[in-house]
Amino acid sequence: MERNTPKKAVHFGAGNIGRGFVACFLHNSGYEVIFAEVNDATVNKLNAQKSYKVIEVGADGTTEKTITNYRAINSRTNEAALVEEIATADVVTCSVGPNILKFLAPVIAKGLAARSTDLTPAAVIACENAIGATDTLAEYIKAPENTNPALLEDYDKRATFANSAIDRIVPAQDPDAGLDVKLEKFFEWVVEKTPFKEWAVPDIQGIKWVDNLQPFIERKLYTVNTGHATAAYYGYTRRKSTVYDALQDKDIREEVKNALKETADLITEKHGIDEEEQKQYVDKIVRRISNPHLEDAVERVGRAPLRKLSRKERFIGPAAELAEQGKDCSALLDAAEMAFRFQNVEGDDESFKLAKIMEEKKPEEIVQEVCGLQPSEKLYPQVVDIVKRVQADSHEE
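None of these values were measured; they are calculated from a predicted model.

Some thoughts on the packing of aromatic side chains
Here the distance between the centres and the angle between the planes together describe a pair of aromatic rings.
Item 1. Taken as a whole and judged by the stated rule, the model has 12 aromatic pairs.
Item 2. Summarising the aromatic geometry, the rings of F21 and F25 are spaced 5.0 Å apart at their centres and angled 70 degrees between planes, so their arrangement reads as edge-to-face. Here the residue F21 and the residue F25 both occupy positions in helix α1 (residues 16–28), the gap between them amounting to four residues, near one helical turn. Each member of the pair, F21 as well as F25, carries the same accessibility label: buried.
Item 3. Summarising the aromatic geometry, the rings of Y233 and F342 are spaced 5.2 Å apart at their centres and angled 70 degrees between planes, so their arrangement reads as edge-to-face. Residue Y233 is found in helix α6 (residues 214–237), and its partner F342 is found in the loop between α13 (330–340) and α14 (349–360); the two are separated by 109 residues along the sequence. Like Y233, the residue F342 is buried in the burial classification.
Item 4. A connected cluster of aromatic rings, assembled from ring pairs, spans F21, F25, F187 and W189.
Item 5. Its guanidinium or amino end placed over the ring of F21, R168 lies 5.4 Å from that ring's centre, counting from NZ or CZ.
Item 6. A cation over an aromatic ring shows up here: R219 above the ring of Y281, its NZ or CZ 3.8 Å from the ring centre.

Structural notes on the packing of helix α8 (residues 250–271) against helix α12 (residues 316–324)
Item 1. At a minimum axis distance of 10 Å, the contact between α8 and α12 shows a crossing angle of 70 degrees. In terms of their interaxial angle, α8 and α12 are classed as roughly perpendicular. Our pair here, α8 against α12, has a crossing hand that is left-handed. Taken together, the residues of α12 that come into contact with α8 (itself represented by E262, T263, D265, L266 and K270) are P318, E321 and L322.
Item 2. Each residue belonging to the contact of α8 with α12 can be placed in one class, and the counts come to three nonpolar, one polar and four charged.

Quick word on the UniProt feature "domain: Mannitol dehydrogenase N-terminal" (unreviewed entry) in the chain
Item 1. The residues that UniProt annotates with the feature "domain: Mannitol dehydrogenase N-terminal" (unreviewed entry) are residues 8–198.
Item 2. Summarising residues 8–198: 28% helix, 29% strand, and an end-to-end C-alpha distance of 21 Å.

Considerations on the sheet that holds strand β10 (residues 181–184)
Item 1. Pairing within the open sheet is mixed, and its three strands lie in the order β4-β3-β10. Two strands in the sheet have a free side with no partner beyond their single neighbour: β4 (61–67) and β10. The mean angle between the axes of side-by-side strands here comes to 25 degrees, regardless of whether they run parallel or antiparallel.

Comments concerning empty space enclosed by the protein
Item 1. With the rule as written, the count across this model stands at two cavities of 30 Å³ or more.
Item 2. Looking at the largest cavity, its volume works out to about 70 Å³.
Item 3. In terms of lining, the largest cavity is formed by E128, N129, A130, I131, S164, A165, I166, I217, K220, L221 and N225.
Item 4. If one sorts the elements of the lining of the largest cavity by residue count, α6 sits on top with four residues.

Quick word on the UniProt feature "domain: Mannitol dehydrogenase C-terminal" (unreviewed entry) in the chain
Item 1. In the numbering used here, UniProt assigns the feature "domain: Mannitol dehydrogenase C-terminal" (unreviewed entry) to residues 212–369.
Item 2. Along residues 212–369 the backbone is 73% helical and 0% strand, and the end-to-end C-alpha distance reaches 31 Å.

Considerations on the environment of E139
Item 1. Take E139: it is sitting in helix α5 (residues 133–142).
Item 2. Among the residues examined, E139 registers a relative accessible area of 59% and is labelled exposed.
Item 3. For the pair formed by E139 and K361, sequence separation is 222 residues and the distance between their alpha carbons is 32 Å.

Notes on the pattern of salt bridges
Item 1. Summed over the entire model, instances satisfying the criterion amount to 26 salt bridges.
Item 2. Its salt-bridge partner being E218, residue K270 comes within 2.9 Å of it at the nearest N-O pair. In this pair, K270 is assigned in helix α8 and E218 in helix α6, connecting sequence segments 52 residues apart.
Item 3. For the salt bridge of K240 with D249, the shortest nitrogen-to-oxygen distance reads 3.5 Å.
Item 4. Given a relative accessible area of 26%, K240 falls into the partly exposed group.

Side note on the packing of α8 against helix α9 (residues 275–289)
Item 1. At a closest axis distance of 10 Å, the pairing of α8 and α9 adopts a crossing angle of 145 degrees. Our pair here, α8 against α9, has a crossing hand that is right-handed. Mapping the contact onto sequence places R253, L260, A264, I267 and T268 in α8 and E275, Q278, V282 and V286 in α9.
Item 2. Considering only residue class, the contact of α8 with α9 consists of five nonpolar, two polar and two charged.

With respect to the sheet that holds strand β11 (residues 188–192)
Item 1. Spatial ordering of the open sheet is given by β9-β11-β12, a layout of three strands whose pairing is mixed. Each end of this open sheet is capped by a strand with a single partner; those strands are β9 (164–167) and β12 (207–210). The mean angle between the axes of side-by-side strands here comes to 15 degrees, regardless of whether they run parallel or antiparallel.
Item 2. Taken together, the four bridges between β9 and β11 define a ladder with antiparallel strand orientation. In the strand pairing of β11, D167 is matched with E188.
Item 3. Its contacts with the sheet put α1 on β9 and β11, and the angle it makes with β11 is roughly 60 degrees.

What counts, and at which threshold
- Residues numbered from 1 in each chain as written.
- Predicted model: local features only at pLDDT ≥ 70, side-chain atom pairs only at ≥ 80, totals over all residues.
- Heavy atoms only, no water.
- Phe/Tyr/Trp six-rings, centres within 6.5 Å; stacked < 30°, edge-to-face > 60°.
- Helix = DSSP H or I, 4+ residues; strand = E, 2+ residues; numbered from the N terminus.
- Buried < 20%, exposed > 50% of the residue type's maximum accessible area, 1.4 Å probe, protein only.
- Lys NZ or Arg CZ within 6 Å of the ring centre and 35° of its normal.
- Axes fitted to C-alpha atoms, helices over the stretch in contact; angles between N-to-C directions.
- Parallel < 35°, antiparallel > 145°, perpendicular 65-115°, else oblique.
- Left-handed = near helix turned anticlockwise from the far one by under 90°.
- Contact = heavy atoms within 4.5 Å.
- Nonpolar A, V, L, I, M, F, W, Y, C, P; charged D, E, K, R; others polar.
- UniProt positions renumbered as here; feature names shortened; annotations may be inferred.
- Pairing = 2+ DSSP bridges.
- 1 Å grid on protein atoms, 1.4 Å probe; cavity = no way out; pocket = protein on both sides within 12 Å on 5 of 7 lines; lining within 4 Å.
- Points joined across faces, edges and corners; volume = space filled by probe spheres on them.
- Salt bridge = Lys/Arg side-chain N within 4 Å of Asp/Glu carboxyl O.

Pasting the structure below:
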């Protein structure tokens, strides 16, 4: 049954992606947006300020959009109000980081449990840089500690869970900008439509609905994220201040292009993408991350090296598949080595954890624990050699 009230979306995470990308699209599509956020200052600012600007920058100039019709709820201190909003929301989205999804699950589960099965199921879409992020969130929500197993029999009447791939570069923001967000003009938000079955997909302008999301997720993760991180890690080791600066160095630019040649080799064959089309996509990505208007500190882009070195991520994921096929993955491994060298970087907890792991553990343990690789995999010995090399260099310093 459709509700005869204005469209409503609950979005977890009022950070730059949340305010500048997801909420912007929801606002443009006629939704009232309720931000669920744990930062008191951000919640208060959103509730006090009735509009903010999204500033899109590109080679052809700058455009501004004004976002209105939103509210914010502190999800930590006002859970009951948030449960009520989720129970009647049309859409529930999030952009909080893949490691935070498990903390959202309990309140979303309560909201869905309180939801009338007479309503159209809520569309739940995680907007994260991770493969299958919505599936991961759904597993946490449906876990017995969060949802009564008896409800799962007809849970599809309460929620539809759809994976998505998002692509938009949001640089570090001016600390004096307040709620305004600056980002690039280019965007891609692709969502799988198959989970909706008999229900219509939500009316959100700008989403590309597809039957098979995997090619889009892997193309994005293994091109945009691989390229961006490669530039950042090489830039950090060579004392560049921003990704833009790093890509002005012809040697670093070549390393980025070499890594993306290898991922293109994987993507085109695996997903049947035309080689020339992928080449044009790669060229566009290199131009995007070289955008002088989006100068971004290499330390910010490189943060969270443990996650970025994990099994399904931007380096080890494609390199492992290429190695199994007997194909070249040397540039990806070189980039992974630069990531292993991203240690003790101020403001990034994971880089300190990485340094501690590298200091205390054996190479074989590190490769299994950090990269999720097993000794039976062809890539395993090559990554062990990288870890040994980085450890040896650290001991010499």
